[in-house]
Amino acid sequence: TMMPFLLKALSLALEDFPVMNSSVDEGAKAIVQHAQHNIGCAMNTPFGLVVPNVKNVAKKSVMDIALELFRLQVLAQSNHLSPEDISGGTITVSNIGTIAGTYASPVVHVPEVAIVALGRAQNLPRFEGDGDVLKKTPIMPLSWSADHRVVDGATLASFCKVWKSYLESPDKMILHLS
């Protein structure tokens, strides 16, 4: 699965856009920027949808993220996630591609300020720069939702561009994995 790489690249992009790793504190009427990247992963289970989160992704290796995702998936499938597993998320990823989804209208997991739904990755025909030659290009549709009290569309688009740059150039991502 690509999810550990997607989460690591998302965390790297969050370094450049800390506002995306925020929450709204309604009581204090404040926006809180979080130091840790606790990335929620929506999981479909026999008991319904759950959103456990991988804690402190910025400090984890891709292998550590993979192991934590596996642990969370096993617990989710048996309805044994702890309150700690499902609390403290700062941004959420929903992989609708696993159920053949392409696009969605994801709902922000309050008090977070953003969520992305990953569509089904597929090879699609694209023209080369000269416009004459078709080539197969891997495409993964994304659907974002954000709390516009905190994140405007331009910020979201810029953040997504940085995330995409890490995914399209793994060598750039590797430079940040020391």
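Our subject is the structure listed above.
Criteria and thresholds
Residues numbered from 1 in each chain as written. Predicted model: local features only at pLDDT ≥ 70, side-chain atom pairs only at ≥ 80, totals over all residues. Heavy atoms only, no water. 1 Å grid on protein atoms, 1.4 Å probe; cavity = no way out; pocket = protein on both sides within 12 Å on 5 of 7 lines; lining within 4 Å. Points joined across faces, edges and corners; volume = space filled by probe spheres on them. Helix = DSSP H or I, 4+ residues; strand = E, 2+ residues; numbered from the N terminus. Nonpolar A, V, L, I, M, F, W, Y, C, P; charged D, E, K, R; others polar. Core = buried A, V, L, I, M, F, W, Y, C linked by side-chain atoms within 4.5 Å. Buried < 20%, exposed > 50% of the residue type's maximum accessible area, 1.4 Å probe, protein only. Contact = heavy atoms within 4.5 Å. Axes fitted to C-alpha atoms, helices over the stretch in contact; angles between N-to-C directions. Parallel < 35°, antiparallel > 145°, perpendicular 65-115°, else oblique. Left-handed = near helix turned anticlockwise from the far one by under 90°. Salt bridge = Lys/Arg side-chain N within 4 Å of Asp/Glu carboxyl O.

*Asks:* Got a sec to walk through the layout of surface pockets? Specific residues and values, please.
*Replies:* Quantified by volume, the largest pocket comes out at close to 650 Å³. Lining the largest pocket are 20 residues, and of these Leu6, Pro138, Ile139, Met140 and Leu167 lie nearest its centre. Listing elements by their share of the lining of the largest pocket, those giving two or more residues are α1 (3-16), β9 (134-139) and α4 (153-168). In terms of residue count, the dominant contributor to the lining of the largest pocket is α4 (5 residues). Classifying every residue of the lining of the largest pocket gives 12 nonpolar, 5 polar and 3 charged.

*Asks:* Lay out the nonpolar core in plain terms, naming residues and giving numbers.
*Replies:* Residues Leu7, Met20, Trp144 and Trp163 are the most contacted members of the largest nonpolar core, which totals 38 residues. The element that contributes the greatest number of residues to this core is α1, accounting for 8 residues. Once residues lying within four places of it in the same chain are set aside, the contact partners of Trp144 are Leu10, Met20, Ile91, Pro106, Ala114, Ile115, Val116, Leu156, Phe159, Cys160 and Trp163.

*Asks:* Describe the packing of α1 against helix α2 (residues 62-77), listing the residues and the values that go with them.
*Replies:* Between α1 and α2, whose axes approach to 9 Å, the crossing angle comes to 120°. As far as their axial angle goes, α2 and α1 are oblique. Handedness of the crossing formed by α1 with α2: right-handed. Contacts between α1 and α2 involve Met3, Pro4, Phe5, Leu7 and Lys8 on the former and, on the latter, Val62, Ile65, Ala66 and Leu69. Within the contact of α1 with α2, the residues separate by chemical class into 8 nonpolar, no polar and 1 charged.

*Asks:* Give me the pattern of salt bridges: which residues, what numbers.
*Replies:* Tallying each qualifying case throughout the model produces 5 salt bridges. Close ionic contact of Arg149 with Glu26 constitutes a salt bridge, the shortest N to O distance being 2.9 Å. Of the two residues, Arg149 sits in the loop between β10 (142-146) and α4 while Glu26 sits in the loop between β1 (22-25) and β2 (30-33), which places them 123 residues apart along the sequence. Classification of Arg149 by relative accessible area gives exposed; the value is 54%. In this structure, the salt-bridge partner of Glu168 is Lys164, at a minimum N-O distance of 3.7 Å. One end of the pair, Glu168, and the other, Lys164, are both in helix α4, 4 residues apart, so they sit about a helical turn from each other. By relative accessible area, Glu168 is classed as exposed at 55%. Overall, Lys164 belongs to the partly exposed group, its relative accessible area being 46%. Residues joined in a network through salt bridges with shared partners are Glu26, Asp147 and Arg149.

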